Amino acid sequence: MSFWRIGKWLEAEPDDRPPPHTGEDVRLYAIGDIHGRLDLLEQLLGLIAADCLARGPMKSRLIFLGDLVDRGQDSRQVVERVMALVRQEGALCLKGNHEELFLHAAFGDERVIPTFRRAGGAQTLASYGLAQHRFKEMADTDVARWMLNNIPRTHVDFLDDLPDSQVIGDYLFVHAGIRPGVAIVDQSAADLRWIRRDFLDHQRPHPKMVVHGHSITPDIDERSNRIGIDTGAYFSGCLTAIGLEGADRWFLQTGS
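Each chain carries its own residue numbering, running from 1 in the written order of its sequence. In keeping with the predicted nature of the model, local features appear solely for residues at pLDDT of at least 70, side-chain atom pairs appear and are counted solely at 80 or more, and the whole-chain, interface and lining totals rest on all residues. For the side-chain quantities, the full set of heavy atoms in the structure was used; hydrogens and water were omitted.

J.: Can you lay out the state of the cysteines for me, pointing to particular residues and giving the numbers?
T.: What counts as a disulfide here is a pair of cysteine sulfur atoms lying within 2.5 Å. With the rule as written, the count across this model stands at zero disulfides. Cysteine 52 provides the cysteine sulfur closest to cysteine 93, a residue in no disulfide bond, and the two sulfurs are 19 Å apart. Between buried and exposed lies partly exposed: a residue is buried under 20% and exposed over 50% of the maximum accessible area for its type, with that area taken using a 1.4 Å probe on protein chains only. Overall, cysteine 93 belongs to the buried group, its relative accessible area being 2%.

J.: Before we move on, can you summarise the nonpolar core with the specific residues and values?
T.: We call a set of buried Ala, Val, Leu, Ile, Met, Phe, Trp, Tyr and Cys residues a nonpolar core when their side-chain atoms join them within 4.5 Å. With 49 residues, the main nonpolar core has Ile31, Leu41, Leu62, Phe64, Leu68, Leu125 and Met147 as its most contacted residues. Only runs of H or I of at least four residues qualify as helices and only runs of E of at least two qualify as strands under DSSP, and these elements are numbered from the N terminus. A per-element tally of this core places helix α1 (residues 38–55) first, with six residues. Methionine 147 has contacts with Phe102, Ala105, Ala106, Phe116, Leu125 and Arg153, leaving out every residue within four places of it along the chain. Counting residues in hydrophobic clusters, the runner-up holds 16 residues, among them Val26, Ile63, Phe173 and Ile242. When checking whether two residues touch, look at their non-hydrogen atoms; a contact exists if any pair is within 4.5 Å.

J.: Describe in detail the pairing of strand β1 (residues 27–31), supporting the description with residues and values.
T.: For β1, the buried fraction is high: five of the five residues fall into the buried class. Of the two faces of β1, the one carrying Arg27, Tyr29 and Ile31 and the one carrying Leu28 and Ala30 are both buried. Handedness of the crossover joining β1 and strand β2 (residues 60–64) through α1: right-handed. Here four bridges tie β1 to strand β9 (residues 240–245), and the two strands are oriented antiparallel to one another. Bridge pairing in β9 places alanine 30 opposite isoleucine 242. A clockwise course of the path from the first strand over the helix to the second, judged with the strands pointing away from the viewer, identifies a crossover as right-handed. At least two bridges found by DSSP between two strands are what make those strands a pair.

Everything listed is a geometric property; what it means functionally is a separate question.
In C-alpha cells:
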C-alpha cells in the first residue's frame, strides 16, 4: 500500500496573521479517517479521555472528519458509535467521500457500485450482514437493491444529514480540503469531500487554518496553511486526532 506522496515543496509564503485560535471556551479533538476500525476508534477515544482529564476541567467536543466506512471490518459499528456520540455528547461528524459513495449505493444507485467495490465496499457490507463472497458474485443491480433493502434507514438518514464543513474560530474543519481562491461559503461539496492536488500543493494562506483528512501521509502533515491527519488507520494501525484549545495544538495517535 502506497501513501499519498506530497511533491517537492518550495518555501511557503509568509502569513502575518497571529497563530490560529479556536475562539471559544472549548477543547476540541478532531479525529481523522477511521474506515471501519472500531478497535482504533475505541483506543483513541480512551487516549482523548485521559488527555482531557490531565489538562483539567473544560468543555470538550469531538469532531470526526468523515470516512467512517469502508476498508476496515466494522463500518456498521463505527457508524453506530459515532451516532451515539453525536446524540449523547454533541459530537460533530462531517461527510467524507466514502459516505457519499455509500449513500448513493444505499439509495439504490447501481452506477456507483463499481467504485464502491474498489473503495472497500465488500468489508462495509459484510459488517451489515452480506458475506463477501456473495458481494463479489452479485451483479451491481443486485448489490444496490440489497443495500436499499438492508441498510438501516437510521444510518442512511444520519450520514445523509452530515455537514461538509465546520468553522470554529480560526479553524476550518473539512474532509478533503478546499478550492484555493474560493470563499468558504462558495465551496462545492465535491471539493470539500474529494479535492487533493490543487489543495495540497497550494502554499498561500487560506481564510482559515484547514484541518482535514482524506489524503494519507505516513505521519501528521502540518503545513503553514493546513493540517492533514489521515495517517491510513485502516492499514497502518495509526489513527490520529488533533487537540485544539485557544492557540494551543497537540496530537494523539494510536500505536504511538
